[in-house]
Amino acid sequence: MTSFQRAIWIFGAAIVFAACSRAPSTPPTPEAAEQTRTLTAYGEVEGFVADNGAHVWRGVPFAASTAGDNRWRAPRPPQPWSGVRPAQEFGERCPQYTNAFSAAEGFEPGLIIGSEDCLFLDVYAKPSAAKSPVMVWIHGGGNVWGTSKHYDASALVMNENVVVVAVQYRLGPLGWFAHDALRESAETEEDKGANFGTLDLIAALKWVRENVENFGGDPENVTVFGESAGGQNVATLLASPLAAGLFQKAIIQSGLLDSVSIEEASGVVGDEENAAQTIVERLGVDTAEGLRALSVETFFMAYDGAETGAVDMPKIISDGVVLPETPLREAFRSRDTFNAVPTISGVNRDEMKLFYLLDPRYVRTFFGTLITPRDQDLYDAASEYASRIWRVRSVDDLGAKLKEADHGDYYAYRFDWDEGGRFLIMDLGSLLGAGHAVEIPFIFNRFQLLGAADRILFHKKTSESRERLSRNMGRYWASFARTGTPEFTGAPSPWPAYNSAAGGVRLLRFDSDSDGGISVLEGVDSIALIAQDLAADSRLETDAERCLIAAALIEWVESAGEAVAGKLSCPAVTAASAG
């Protein structure tokens, strides 16, 4: 499977029509509110009051700049300040390539933006909050793109009386990089790792433990939650011994559980694209001092694809320091190092429709903007089976490993809402459906996802049913954060634990009332079942179509180091179809 960054490029290109050539406007800086003055371990901060009454603090530093000698080291504490630090504006994002989504902020795709002084967090709280559950949000973006400013939790905190902390972390090769020269220059044991972005998240959780009570939160009741790469990062926190005791619950939204070995990331073995040794050789610099002296631009431009910004950058690394040396997926079996807390993991029913949106094998594009499937049945089948693979790898496989290790309560879900609107011949309901990331606005009770195209995706006819679904999803998430069990009075459906059914499993399905509402799904999925269904799928007219889908599934799963060709090879599918 291609990276999430590439998917953003693809989908962003598809929705450019909705921008209508309007120049983005810069919102005014909110007015400081004295009632938000709050003391942290490093000094006093003053935020503002949002339109709905939430207290908000933006751009609060939880670590020092990662530039210069701090590059590729564990985060250091921020410098204390005197006086009151304004906290009405977001902190600078971490260095990254822009993509089509960045156009909403006035950036052309392919630019290098951001600052190494980027380890900031934003806090959202209800004015009356006291010892409220804390939810720490980790943004997605393939661990190469994103910023906390894209997520406004003011509605969630006012609705559910929780405190939300949205954090930033180093991205791309500044966040994940493995080279001997850096390990040899380590000043601490943590510096010897290769997952610097993960270390940033751990530092943010330590900040929460030390400071969040002053913002109305309970430092002993912390839930980490994130989507896509953010969900994967939640998985790394569950697996990291360095994060032990820093959180009490975890929610993984559409997160993958993949990693590469430190040898692969370094380039010692394997064929990892843009491995660290390859980059060092291209730069002609092989000392820690020399690498830290490079500008961000020079370093980023050493990566294949840098000219367009479509760069395949480092992945989560099993470095033996921040994470166990075993693959991330296997860490969930550990009884010694795994941070066993109540966990939710879920997927969207049509995850892969986001990724297939401009795949010329499946769609046609008119006027550079309007997209329709070449064959609706083939498009739906291809995305369905790939999305089911996502579920198997992120929900069912995870559930089996957690049960095997007796790691306690585990809940799972599937998000099915697919009522996006139409624009001329382009129907987002069928083209995007319940695609990747579509659940985020429902959790935050803020229907903003695609910029100007939101008025098409979230059209007026669905506003009432969307609001009901959104408020209920927020309640489930918040009740889990509060007690470790996703239950609340008046819930439209109980949410049973994943392995609660005798001889089977259960997930909670989220959808609008008109499409079945919130209800319980039963049954486990597997690669074997997917192969069986693909072979018998009456929507597919030829073996060539089946093989096209099977090849994509094999490429995705085997790229993560799992051999599945024996279960899902094209010949096997073809033979099953003939039989």
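Residues numbered from 1 in each chain as written. Predicted model: local features only at pLDDT ≥ 70, side-chain atom pairs only at ≥ 80, totals over all residues. Heavy atoms only, no water.

Comments concerning the pattern of salt bridges
To keep it simple, the criterion reads: Note on definitions: salt bridges are taken to be side-chain nitrogens of Lys or Arg within 4 Å of carboxyl oxygens of Asp or Glu. Segments assigned H or I by DSSP are reported as helices when at least four residues long, segments assigned E as strands when at least two residues long, and all are numbered from the N terminus. Working definition: with a 1.4 Å probe on protein chains only, accessible area under 20% of the residue-type maximum means buried, over 50% means exposed, and in between means partly exposed.
Taken as a whole and assessed by the stated rule, the structure comprises 39 salt bridges. Here Arg509 makes a salt bridge to Asp416, at a shortest N to O gap of 2.8 Å. Within this pair, whereas Arg509 is found in strand 21 (residues 506-510), its partner Asp416 is found in the loop between strand 18 (410-415) and strand 19 (422-423), the two being separated by 93 residues in sequence. The class of Arg509 is buried, set by a relative accessible area of 12%. Take Asp416: its relative accessible area is 1%, and that puts it in the buried class. Salt bridges here are not isolated pairs; linked through shared partners, they connect Glu384, Arg388, Asp525, Asp533, Asp537 and Arg539.

With respect to the sheet that holds strand 10 (residues 163-167)
Inclusion rule: Pairing between two strands is assigned when DSSP locates at least 2 bridges connecting them. For this analysis, residues touch if any pair of their heavy atoms sits within 4.5 Å. To get an axis, fit a line to the C-alpha atoms, keeping to the stretch in contact for a helix; angles then go from 0 to 180 degrees between the N-to-C directions.
Pairing within the open sheet is mixed, and its 11 strands lie in the order 3-4-8-10-9-11-12-15-18-21-22. Two strands in the sheet have a free side with no partner beyond their single neighbour: strand 3 (48-49) and strand 22 (519-522). Looking at chain direction, strand 21 and strand 22 are connected through 4 bridges and run antiparallel. Pairing of Arg506 across the sheet is with Glu522, part of strand 22. Together, strand 9 (132-138), strand 11 (217-227), strand 12 (249-253), strand 15 (343-348), strand 18 and strand 21 form the strand contacts of helix 17 (residues 463-483), whose direction differs from that of strand 12 by roughly 145°.

Re empty space enclosed by the protein
This is how the line gets drawn: Note on definitions: the grid is 1 Å and covers protein atoms alone; a cavity is a set of points where a 1.4 Å probe fits but cannot get out; a pocket is an open set with protein on both sides within 12 Å along at least five of seven lines; lining residues have an atom within 4 Å of a point. Grid points are joined across faces, edges and corners, and a volume is the space filled by probe spheres set on the points. For this classification, Asp, Glu, Lys and Arg are treated as charged, while Ala, Val, Leu, Ile, Met, Phe, Trp, Tyr, Cys and Pro are nonpolar and the rest, including Gly, are polar.
Going through the model one piece at a time under the given rule, you end up with 2 cavities of 30 Å³ or more. Lining the largest cavity are 15 residues, and of these Ala265, Asn274, Ala275, Pro314 and Lys315 lie nearest its centre. Residues that form the lining of the largest cavity fall into these classes: 11 nonpolar, 1 polar and 3 charged. The space that makes up the second largest cavity amounts to roughly 40 Å³. Along its surface, the second largest cavity is lined by Leu156, Asn159, Glu160, Ile443, Asn445, Ser470, Arg471 and Gly474. Elements supplying a minimum of two residues to the lining of the second largest cavity: helix 2 (154-160) and helix 17. Across the lining of the second largest cavity, the residue classes break down as 2 nonpolar, 4 polar and 2 charged.

Some points on the environment of Gln88
With respect to the helices, strands and loops of the structure, Gln88 is situated in the loop between strand 5 (84-86) and strand 6 (96-97). Under the relative-accessibility criterion, Gln88 is labelled buried at 10%.

A look at a nonpolar patch on the surface
Spelled out, the test is: Patch membership is restricted to residues that have no salt bridge and whose relative accessible area is over 30%. Joining uses 9 Å for like charges and 5 Å for the nonpolar side chains Val, Leu, Ile, Met, Phe, Trp and Tyr. Here the open area of atoms and residues is found with the Shrake-Rupley method and a 1.4 Å probe, where only the protein chains shown may cover a residue.
A surface patch of nonpolar side chains, amounting to about 560 Å² of accessible area, comprises Phe366, Phe367, Phe423, Leu424 and Ile425. Examined against the element boundaries, Phe423 turns out to sit in strand 19. Of the residues examined, Phe423 reaches a relative accessible area of 31% and is grouped as partly exposed.

Details of the nonpolar core
Heads up, the condition is: By nonpolar core we mean a set of buried residues, namely Ala, Val, Leu, Ile, Met, Phe, Trp, Tyr and Cys, connected to one another through side-chain atoms within 4.5 Å.
Residues Val165, Phe247, Phe415, Trp477, Phe510 and Ile549 are the most contacted members of the largest nonpolar core, which totals 174 residues. The greatest single-element share of this core, amounting to 12 residues, is contributed by helix 13 (residues 376-404). Ignoring sequence-local partners within four residues, the contact set of Val165 consists of Leu121, Asp122, Val123, Val134, Met135, Val136, Trp137, Val208 and Val212.

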